[in-house]
Amino acid sequence: MNKNIVHHYFRKEDEGIKKLVQLNPIHFTGIEITIHPSGAVDANEMEPDEDISEKIVARGFKESSALEFNLYFSGAISGQYKPQENT
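Residue indices begin from 1 for each chain and proceed along its sequence in written order. Totals for whole chains, interfaces and linings use every residue, but because this is a predicted model, local features are given only for residues with pLDDT of at least 70 and side-chain atom pairs only at 80 or more, for both listing and counting. Only heavy atoms go into the side-chain values, all of them from the structure, while hydrogens and water stay out.

Some words on the side chain of Asn24
Secondary structure elements follow DSSP: runs of H or I no shorter than four residues count as helices, runs of E no shorter than two count as strands, and numbering proceeds from the N terminus. With respect to the element layout, Asn24 can be found in strand E2 (residues 17-24). Counting of polar contacts relies on pairs of N or O atoms within 3.5 Å, with two restrictions inside protein: one atom must be capable of donating a hydrogen and the other of accepting it, and residues adjacent in sequence are counted only when both atoms are side-chain atoms. A polar atom in the side chain of Asn24 sits 2.8 Å from the backbone nitrogen of Ile26. A distance of 2.9 Å separates a polar side-chain atom of Asn24 from the backbone nitrogen of His27. It only takes one pair of heavy atoms within 4.5 Å for two residues to be counted as in contact. Those residues in contact with Asn24 that sit more than four places away from it in its chain are Ile5, His7 and Thr29.

As structure tokens, then:
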């Protein structure tokens, strides 16, 4: 990953399934993360075309920040919040 590229991030939630997208606007590549209601997280590489940002918005995605995407992608948080029990 080139550190000089400012990626674009999008988010959509539908029927309990959360989708997060990271797009590289220079090389037209991306990653889509799907967080299922069960907490399972899937990540898929994308090779979008030049007008992918418009297509994603047309599909109901909204612009979002990098924080949520990177927390899921790094595994720092799982798909479902589970509070710890006090002992």
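Here we look at the confidence of the model for the protein
With 85% of its residues at a pLDDT of 70 or more, the protein shows a mean pLDDT of 84. Across the protein, element-level confidence peaks in strand E1 (residues 8-14) with a mean pLDDT of 95 and bottoms out in helix H1 (residues 52-58) with 85. Taken as a whole, residues 80-84 scores under 50 in pLDDT and shows three contacts with residues more than four places along the chain or in a different chain. On a range of 0 to 100, pLDDT expresses the predictor's confidence in each residue.

What to know about the pattern of salt bridges
Salt bridges, as used here, are contacts in which a Lys or Arg side-chain nitrogen is within 4 Å of a carboxyl oxygen on Asp or Glu. Counted according to the given criterion, the structure contains six salt bridges. Among the salt bridges present, the one from Glu32 reaches Arg59, with a minimum N-O distance of 4.0 Å. Of this pair, Glu32 sits in strand E3 (residues 29-35) while Arg59 sits in the loop between H1 and strand E5 (62-63), and the two are 27 residues apart along the sequence. According to the relative accessible area criterion, Glu32 is buried, its value standing at 14%. Salt bridges linked by common partners bring Arg11, Glu13, Lys18 and Glu68 together as one network. Under the scheme applied here, a residue whose accessible area is under 20% of the maximum for its type counts as buried, over 50% as exposed, and between as partly exposed, the area being computed with a 1.4 Å probe on protein chains only.

Some remarks on the packing of aromatic side chains
Note on aromatic pairs: the rings of Phe, Tyr and Trp (six-membered ring only in Trp) are paired at centre separations within 6.5 Å, and the planes decide the class, stacked below 30 degrees, edge-to-face beyond 60, tilted for the rest. A complete count under the given rule lists two aromatic pairs for this structure. When the centroid spacing of 5.5 Å and the interplanar angle of 55° are considered together, the rings of Tyr9 and Phe69 count as tilted. Taken together, the positions of Tyr9 in strand E1 and Phe69 in helix H2 (residues 66-74) put the pair 60 residues apart, joining distant regions of the chain. Summarising the aromatic geometry, the rings of Phe69 and Phe73 are spaced 5.5 Å apart at their centres and angled 25° between planes, so their arrangement reads as stacked. With Phe69 and Phe73 both in helix H2 and four residues apart, this pair spans about one turn of that helix. We classify Phe73 as partly exposed; its relative accessible area is 45%. Within the aromatic cluster, the residues linked to one another by ring pairs are Tyr9, Phe69 and Phe73.

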